[in-house]
Structure formats: structure tokens, C-alpha cells
Amino acid sequence: MNKPPRNQPRRRNAQAGHRDENGPVWLWGAHAVRAALDNPSRKSLRLVATENAARRMALAEAEVLDGKALAGALPPGAVHQGVALLAEPLEPVALEDVIASGPRRIAVLDQVSDPHNLGAIYRSAAAFGVDALVLQTRHAPMITGVVAKAAVGAIESVREVRVVNIARALDLLKAADYFCVGLAGEGVADIEDAASGARRLALVLGAEGAGLRPAVAKACDQLARIAMEPGMESLNVSNAAAIAFYAARKASFPPR
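A brief structural summary. (Residues numbered from 1 in each chain as written. Predicted model: local features only at pLDDT ≥ 70, side-chain atom pairs only at ≥ 80, totals over all residues. Heavy atoms only, no water.)

Remarks on the pattern of salt bridges
The tally for this structure, following the rule as stated, stands at seven salt bridges. E63 is the salt-bridge partner of R46, the closest N and O atoms lying 2.9 Å from each other. Separated by 17 residues along the polypeptide, R46 in strand β2 (residues 44–49) and E63 in strand β3 (residues 63–64) bring together distant segments of the chain. Accessibility expressed as a relative area gives 34% for R46, which makes it partly exposed. One salt bridge connects R213 with D110, and the closest N-O pair in it is separated by 2.6 Å. On the criterion of sequence distance, the pair formed by R213 in the loop between β10 (201–206) and α9 (214–219) and D110 in strand β5 (residues 105–110) is long-range, its members being 103 residues apart. The class of R213 is partly exposed, set by a relative accessible area of 30%. For D110, a relative accessible area of 1% translates into the label buried. (Salt bridge = Lys/Arg side-chain N within 4 Å of Asp/Glu carboxyl O. Helix = DSSP H or I, 4+ residues; strand = E, 2+ residues; numbered from the N terminus. Buried < 20%, exposed > 50% of the residue type's maximum accessible area, 1.4 Å probe, protein only.)

Description of the sheet that holds strand β4 (residues 83–87)
A sheet is described by the order of its strands in space; here four strands give the open sequence β1-β4-β2-β3, paired in mixed fashion. Only two strands of the sheet have a single partner each, and these edge strands are β1 (25–28) and β3. (Pairing = 2+ DSSP bridges.)

Section: the nonpolar core
Counting 54 residues, the largest nonpolar core has Y122, L133, I191 and F245 as its most contacted members. Looking at this core element by element, the count peaks at seven residues for helix α10 (residues 237–250). Those residues in contact with L133 that sit more than four places away from it in its chain are A107, L109, L118, I121, Y122, A125, V158, R159, E160 and V161. I99, A132, Y178 and V204 belong to the second-largest nonpolar core, a separate cluster that totals 25 residues. (Core = buried A, V, L, I, M, F, W, Y, C linked by side-chain atoms within 4.5 Å. Contact = heavy atoms within 4.5 Å.)

Notes on the sheet that holds strand β6 (residues 132–136)
Sheets are built from strands paired through backbone hydrogen bonds, the pairs being either parallel or antiparallel. On the basis of which strands lie adjacent, the open sheet formed by seven strands has the order β7-β6-β5-β10-β8-β11-β9 and parallel pairing. Edge strands, defined here as strands with exactly one partner in the open sheet, are β7 (159–163) and β9 (189–190). In terms of strand pairing, β9 meets strand β11 (residues 222–225) through two bridges, oriented parallel. Bridged to D190 within β11 is R225. Contacting β5, β6 and β7, helix α5 (residues 115–127) crosses the sheet at an angle of about 155° to β6. Against the sheet, helix α7 (residues 166–175) touches β5, β6, β7, β8 (179–183) and β10, its axis set at about 165° to β5. (Axes fitted to C-alpha atoms, helices over the stretch in contact; angles between N-to-C directions.)

Interpretation in functional terms is not warranted from these geometric data alone.
This is how it looks when you write it as C-alpha cells:
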């Protein structure tokens, strides 16, 4: 048996929907599982479904389980819709490789820590043409079943980039001609105005509650805000991301 590389954690089997950084993970929910099965880059290990779900989704290859047995393989409260897939995680891509592929819109998440928020941000990214999410190697959730379910399949199409230092990643993006706009309440410009005309755009969102860290805010080219009614100070980060992604898509970009 091959040994894992030195300084790399050893793989272990997924249990109750949890995994280490390199181990397999359970994905659940009809959309998340179907998207994973349709992704040629995703290595599937075990597909399980209830009889009804297997018939509804035409999963002839699925191992049929009753609902109790299926629920027992997943974390408590997992809304599995009768289907789950044990799969290898997708390999994160290098930021340099993403830049080289030329996407016009990228999002950078500065320590967003809630997996439901992360999944919702993936979903909005797929909906509004944000090609990749840049996350920290630490202080950000791994892509597990909770994220995948909230993302409704978007983790298979929006690329995942992991970096050690967010501020340095922004420097790399700026060197590649990305205009880096941080979302912050103290921003003077409206997000749509800030995004308008940028040939390449990186939208930077901060953690729940804390917002952008000072060093990350300083590394942005500009801080922008979402205009809101008086008395409302902030939005949940996933809601803010959806609005910002939509505004960036709506802003006047030159043609591809």
C-alpha cells in the first residue's frame, strides 16, 4: 500500500458525513448528487438511495437502502431526499491556473466560516457567472455534504481555490489586472458603480459579523457598499454575495 506523502494527513473513511482534508465525503440531496455524478472530475465511491429515489432519479447503479439505514450513514438532520453519494473531494485548483484561464469574475471569501453560507455563496456564484471562489486553507469550512446540499450542485461547476494568505492572493489578482472590490459598510461607492467597466473583477467578502479584516480591506483597490434602507446596517454574507454577484453581472462589462 502506498504511504501518504510526508506532512500530509492520512486518508480515512468518511463516517457520519465528516472527513479529514483529504478523505472521502458524503454528499446528499438530489441536486448535489446528480451534479456530482455528472461531473467527470468527481470520483464516486458508493451511491446509495431509497427505492423511490433510485427510481425517480433513474439510478440503476445505486445500492438500495431503506430510509433509516440511509439516514444512519449521514449526520443527524441531513435532508438527503433519499439519495447520498460517497465521493472523493475535488482537487482545489491553484490561483495562478484560474487566472491563466481568464475568468472575468472571481469571488474572494475572507474567513467566511458557516458551511450553509458557503454553500449558498457557491449557488449564487454559479447563478451569476462567478467562476471561482478563493478561500483560505484555514479558517474556512471544508466542502462537505452540508455545503454541497446548500450549493444545490454548484460545487461541481464553480472552482475552489485555497490560499494561505488572502491579502497576498489579492496582490496576485491585482498584478493580473483584476480590479479588487471589497464589500464593506464603510465603502463610499455603490457596488454596481464600483464593478462597472472593470475588465476583470474580484469581489471580496468578509466573515460573518466581523467583515473584512483590516489587512484584506487595505489590499482591495476599492471598498464598496450595498445601498440599504436607513436603520439596517448589514446583511447576511450569503445574501450580500448574491446581491454583489448580480450587480457585477449587471454592470456594463466589455464583451468576452
